[in-house]
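# An overview of the molecular structure
Spelled out, the chains give:
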Amino acid sequence: MKPSEIIDIETNHGAGVYAKQELVIVRGQGASLFDVDGNEYIDCTSGHGVANLGHAHPKVAAAIAEQASTLITLFESFPNDKRAALMQKMASLVPGLDRVFFCNSGAEAVEAALKFARISTGRVGVVATMRAFHGRTFGSLSATFNKKYRQGFEPLVPGFSHVPYNNIDALASSVDEETAAVILEVIQGEGGVYPADAEYIQAARRICDEHGALLIVDEIQSGFGRTGVMFAFQNFGITPDLLCCAKSLAGGVPMGAVLIGVKVQNLTPGTHGTTFGGNPLSCAAGLAALTAIEEEDLAGQAAEKGAYLMDKLSQIDSPLIRDVRGMGLMIGVELKQKVAPYLKSLQERNILALNAGMTVIRLLPPLVITYEQIDQVVVAITDVLTSE
Ligand SMILES: Cc1ncc(COP(=O)(O)O)c(C=O)c1O
């Protein structure tokens, strides 16, 4: 099939909810993606933060292939070797978060965490933050802030409020004895790549404790090494009660998870569940992915490469740049104008990058990106931001 035919089919038969690029990608390797004609692109999207391990990681691919011919599906009522192994691994990641609920996506992880918070506390209120993105199902969308995602779908779930991000006083004055949970990203991704201050995250923990509310941390985008540690909150010496994960958890195979702390109560058979949750195929992929993340010290790589990239980006002398910020390999370059034309120019230079809102170029490369590739990305960004 010709690229134009492929694009036409997707345009005509897709639901219409995605803006399509004029670029057909058929293969990936490490931090590179290849189009139908074999042209190579450096992937600074990682499929929105999924491909932390890079594309076609051999150990993940082998684990999937082996499990596919062993057992793909098994409801969680029946224990399974791969699921048990992944549960054990997940439970070892964060001291105090010993239990795990498996699901299939980020929004489902958020949905589950919100339900767990309500059933656990018997309370309704959820305090989320401005600019937050937590997903597009009704519960997760209720925690998401931007009107762009919410408009046309109201009424959303009652009991949600939004306070300014990184503002301790605003959080303190909106959490009370009716609050089931506070939900936060430690570094906001879709909202514009805004890292929180340590004091804010620590205050969120304290405020929740003072009022008997649970703290839900959403590391769906920032998790599994991307920010230079396994989870970004680990920089700040706190432990959430519920930790939402997805994206890179299973090396690209769809999977979400909620890690659950001791304060979360009342989770009994039937309170929640999902058909595909904890299926052996995703679990085998997750096990291989987490093992590789640890063996290859991808968090350490993200810390070093992120510092290198951030330094190079900060040196670009362009009147278009307002700010460069981020953690590890989750980096935003905020411009004084809309980024869409610059993303297009980058694509013409074989660099695929994301926006975060209208004015931020978001870079989420695979953590295995090479220094040579990082240098190519910097050259291309410098070129498009200084060539006017
Ligand atoms: C922080 C955060 N939470 C939740 C989600 C939703 O995840 P999914 O698209 O897998 O439903 C995303 C997706 O971008 C995200 O970045």
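Just above sits the structure.
### Quick notes on the sheet that holds strand S12 (residues 256–261)
Here 7 strands make up an open sheet; going across it, the order is S4-S12-S11-S10-S7-S5-S6 and the pairing mixed. Every other strand in the sheet has two partners, leaving strand S4 (97–103) and strand S6 (160–163) as the edge strands with one partner each. Neighbour to neighbour, the strand axes of the sheet diverge by 20° on average, direction disregarded. The pairing of S4 with S12 spans 6 bridges and is antiparallel. Following the sheet pairing, Val100 is matched in S12 by Leu259. Along the sheet, helix H4 (residues 81–93) makes contact with S4 and S12, crossing S4 at roughly 130°.

### Some remarks on the site of the ligand
Neighbouring residues of the ligand: Ser105, Gly106, Ala107, Phe133, His134, Gly135, Glu185, Glu190, Asp218, Ile220, Gln221 and Lys247. Asp218 is positioned with one of its side-chain polar atoms (N or O) 2.7 Å from a nitrogen atom of the ligand. The side chain of Lys247 places a nitrogen or oxygen atom 2.8 Å from an oxygen atom of the ligand. For the ligand, whose accessible area on its own is 390 Å², the fraction buried by protein is 81%. Of the residues in the shell around the ligand, the class split is 3 nonpolar, 5 polar and 4 charged.

### A look at the environment of Ala84
You can see Ala84 is positioned in helix H4. Judged by relative accessible area, Ala84 falls into the partly exposed class, the value being 43%. Residues Ala84 and Ile7 lie 77 residues apart in sequence; the distance between their C-alpha atoms is 41 Å.

### Here we look at the environment of Asn167
On the secondary structure map, Asn167 appears in the loop between S6 and helix H8 (168–174). By relative accessible area, Asn167 is classed as partly exposed at 30%. C-alpha of Asn167 to C-alpha of Ala203: the two residues are 36 residues apart in sequence and 9.6 Å apart in space. Separated by 2.9 Å, the side chain of Asn167 and the backbone nitrogen of Ala170 make a polar contact.

### Some details on the pairing of strand S17 (residues 360–363)
One face of the sheet, then the other: side chains in a regular strand alternate in exactly this way. In S17, alternate side chains face the same way, and those of Val360 and Arg362 on one face and Ile361 and Leu363 on the other are all buried. As paired elements, strand S14 (residues 330–335) and S17 share 4 bridges and run antiparallel to each other. Bridge pairing in S17 links Glu334 to Val360.

### Quick notes on helix H9 (residues 198–211)
If you check H9, its first and last C-alpha atoms are 20 Å apart, about what 14 residues at 1.5 Å a residue would give, namely 20 Å. Restricting attention to buried positions, one finds in H9 the residues Tyr200, Ile201, Ala203, Ala204, Arg205, Ile207, Cys208 and His211. On the buried face of H9, the contacting elements are strand S5 (125–129), H8, strand S7 (179–184) and strand S10 (214–218). The first or second residue beyond H9 is Gly212, which carries a positive phi of 70°.

### Examining the packing of helix H11 (residues 298–314) against helix H13 (residues 371–386)
In the contact formed by H11 and H13, the axes pass within 10 Å of each other and the chain directions differ by 25°. Here H13 runs roughly parallel to H11, going by the angle between their axes. Note on packing geometry: the crossing formed by H11 with H13 is right-handed. For the pair H11 and H13, the contacting residues are Glu304, Lys305, Tyr308, Leu309, Lys312 and Leu313 in the first and Tyr371, Ile374, Asp375, Val378 and Ile381 in the second. In terms of residue class, the contact of H11 with H13 is built from 7 nonpolar, no polar and 4 charged.

### Describing the packing of aromatic side chains
Within the structure shown, the criterion is met by 6 aromatic pairs. Centre to centre, the rings of Phe101 and Phe116 are 5.5 Å apart; their planes meet at 85°, and the pair counts as edge-to-face. Placement of the pair is Phe101 in strand S4 and Phe116 in helix H5 (residues 106–121), with a sequence separation of 15 residues. On the basis of relative accessibility, which here comes to 14%, the residue Phe101 falls in the buried class. With centroids separated by 4.9 Å and ring planes inclined at 70°, the aromatic side chains of Phe133 and Tyr149 adopt a geometry described as edge-to-face. Of this pair, Phe133 sits in the loop between S5 and helix H6 (138–143) while Tyr149 sits in helix H7 (residues 147–150); the two residues are 16 residues apart in sequence, bridging distant segments of the chain. The buried category is assigned to Tyr149, whose relative accessible area is 13%. Members of the aromatic cluster, each reached through a chain of ring pairs, are Phe224, Phe231 and Phe233. Stacked on the ring of Phe34, the Lys or Arg Arg27 has its end atom at 4.1 Å from the ring centre. One cation-aromatic arrangement involves Arg131 over Tyr194; the distance from NZ or CZ to the ring centre is 3.6 Å.

Conventions used here
- Residues numbered from 1 in each chain as written.
- Predicted model: local features only at pLDDT ≥ 70, side-chain atom pairs only at ≥ 80, totals over all residues.
- Heavy atoms only, no water.
- Pairing = 2+ DSSP bridges.
- Helix = DSSP H or I, 4+ residues; strand = E, 2+ residues; numbered from the N terminus.
- Axes fitted to C-alpha atoms, helices over the stretch in contact; angles between N-to-C directions.
- Contact = heavy atoms within 4.5 Å.
- Near = heavy atom within 4 Å.
- Polar contact = N/O pair within 3.5 Å; in protein donor to acceptor, adjacent residues only side chain to side chain.
- Areas by Shrake-Rupley, 256 points an atom, 1.4 Å probe, with all protein chains shown as cover.
- Nonpolar A, V, L, I, M, F, W, Y, C, P; charged D, E, K, R; others polar.
- Buried < 20%, exposed > 50% of the residue type's maximum accessible area, 1.4 Å probe, protein only.
- Expected span 1.5 Å × (residues − 1).
- Parallel < 35°, antiparallel > 145°, perpendicular 65-115°, else oblique.
- Left-handed = near helix turned anticlockwise from the far one by under 90°.
- Phe/Tyr/Trp six-rings, centres within 6.5 Å; stacked < 30°, edge-to-face > 60°.
- Lys NZ or Arg CZ within 6 Å of the ring centre and 35° of its normal.

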